[in-house]
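Read off the chains here:
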Amino acid sequence: VFMVFLCGCANLPYPYAPPPQRPSFEAPAAAAARVLEMADADAEIHFVRDIPGSLESNTWRWTGKRPTIRLLPGSNRGLTYVIDFAIAGTTFEQTGPVILSFFVNDRLLDRERYAAPGRQRVEKPIPAEWVEPNETVLLAAEIDKLWIPPQADAKPLGFILVALGLEKK
C-alpha cells in the first residue's frame, strides 16, 4: 500500500499560460518587395513615425510631417520607391503649394513641388547601394508645410497617405 501511495506523488510542473503573442516584423527569408497599403491588416507593425491617424474610408490615413515605414525587401536590386498620396483641398487652401521630399534610409531620393491639390503617384528607382540585401529599409516622405486644423486640440496634418513601399522592376 505504501508503494502505491508514493507512485501517486509525482512532482509535476504547475500549468501555465503560453506567453502573449505579438505580431512579428520578421519576414520570411524569401521576402519580396512590397507596397504597403494603409488598409493592409498588418500595416501598423510597419509604421515607424508620423502616421498617427486611424484608417479613413478603409483606404487612407492622415500623416504628420515625415511619415516613415520599414520593410524587408530581401534583395537590393531593381527596387523602385512607390508612394500613392493626396494633397487635400482643405489643407491646400491654407498651405498653398507644398514640396514633398522622398527618402530611402534617410537619403534624399527626390523632391517634388505640388501646385494643386489632388491624388498623386510617385515612382523612383532606388540605387542598389542604398539598400543592404536582407536588411530593413526605411521609407519616408516629408512635407514642407503642415496644415493646422482650426480645433484647439487638433494635431497638425501633412497629407493623405494611401500606400508606400517598394516594387521590384
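Residues numbered from 1 in each chain as written. Predicted model: local features only at pLDDT ≥ 70, side-chain atom pairs only at ≥ 80, totals over all residues. Heavy atoms only, no water.

Notes on the packing of aromatic side chains
For step 1, the next point in the chain: Summed over all chains, the structure comprises six aromatic pairs.
For step 2, the next point in the chain: Here the aromatic rings of Phe85 and Phe102 are separated by 6.5 Å at their centres, their planes lie at 50°, and the arrangement is tilted. Linking Phe85 in strand β5 (residues 79-87) with Phe102 in strand β6 (residues 98-104), this pair joins segments that are 17 residues apart in sequence. With respect to burial, Phe85 and Phe102 carry one shared label: buried.
For step 3, the next point in the chain: Chaining the aromatic ring pairs together yields one cluster made of Tyr81, Phe85, Phe102, Tyr114 and Phe159.
For step 4, the next point in the chain: Directly above the ring of Phe103 sits Arg66, whose terminal nitrogen or CZ lies 3.8 Å from the centroid. (Phe/Tyr/Trp six-rings, centres within 6.5 Å; stacked < 30°, edge-to-face > 60°. Helix = DSSP H or I, 4+ residues; strand = E, 2+ residues; numbered from the N terminus. Buried < 20%, exposed > 50% of the residue type's maximum accessible area, 1.4 Å probe, protein only. Lys NZ or Arg CZ within 6 Å of the ring centre and 35° of its normal.)

As for the pattern of salt bridges
For step 1, the next point in the chain: Using the criterion set out here, one finds 13 salt bridges in the structure.
For step 2, the next point in the chain: The residue Arg121 makes a salt bridge to Asp84 at a minimum N-O spacing of 2.8 Å. Of this pair, Arg121 sits in strand β8 (residues 118-125) while Asp84 sits in strand β5, placing them 37 residues apart in sequence.
For step 3, the next point in the chain: A relative accessible area of 41% means that Arg121 is categorised as partly exposed.
For step 4, the next point in the chain: Salt bridges here are not isolated pairs; linked through shared partners, they connect Asp84, Arg121, Glu123, Glu167 and Lys169. (Salt bridge = Lys/Arg side-chain N within 4 Å of Asp/Glu carboxyl O.)

Some thoughts on the environment of Ile99
For step 1, the next point in the chain: The residue Ile99 is located in strand β6 in this model.
For step 2, the next point in the chain: What makes Ile99 partly exposed here is its relative accessible area of 29%.
For step 3, the next point in the chain: Put simply, Ile99 and Ala115 are 16 residues apart on the chain and 8.8 Å apart in space, counted from C-alpha to C-alpha.
For step 4, the next point in the chain: Leaving out residues up to four positions away in the same chain, Ile99 has contacts with Arg111, Glu112, Arg113, Glu142, Ile143 and Asp144. (Contact = heavy atoms within 4.5 Å.)

Examining unusual backbone geometry
For step 1, the next point in the chain: Positive phi, close to 50°, is recorded for Ser57, a residue that is not glycine.
For step 2, the next point in the chain: Its location among the elements puts Ser57 in the loop between β2 (47-49) and β3 (61-62).
For step 3, the next point in the chain: Although it is not a glycine, Asn58 sits at a positive phi angle of roughly 60°.
For step 4, the next point in the chain: Within the secondary structure, Asn58 is located in the loop between β2 and β3.

Some points on the sheet that holds β6
For step 1, the next point in the chain: With respect to topology, five strands assemble into an open sheet ordered β2-β4-β9-β6-β7, the strand pairing being antiparallel. Every other strand in the sheet has two partners, leaving β2 and β7 (107-114) as the edge strands with one partner each. On average, each strand axis in the sheet is tilted by 20° relative to the strand beside it, whichever way the strands run.
For step 2, the next point in the chain: Across two bridges, β2 lies against strand β4 (residues 68-71) in antiparallel orientation. Each bridged residue has a counterpart across the sheet, and for Phe47 the counterpart in β4 is Ile69. (Pairing = 2+ DSSP bridges. Axes fitted to C-alpha atoms, helices over the stretch in contact; angles between N-to-C directions.)

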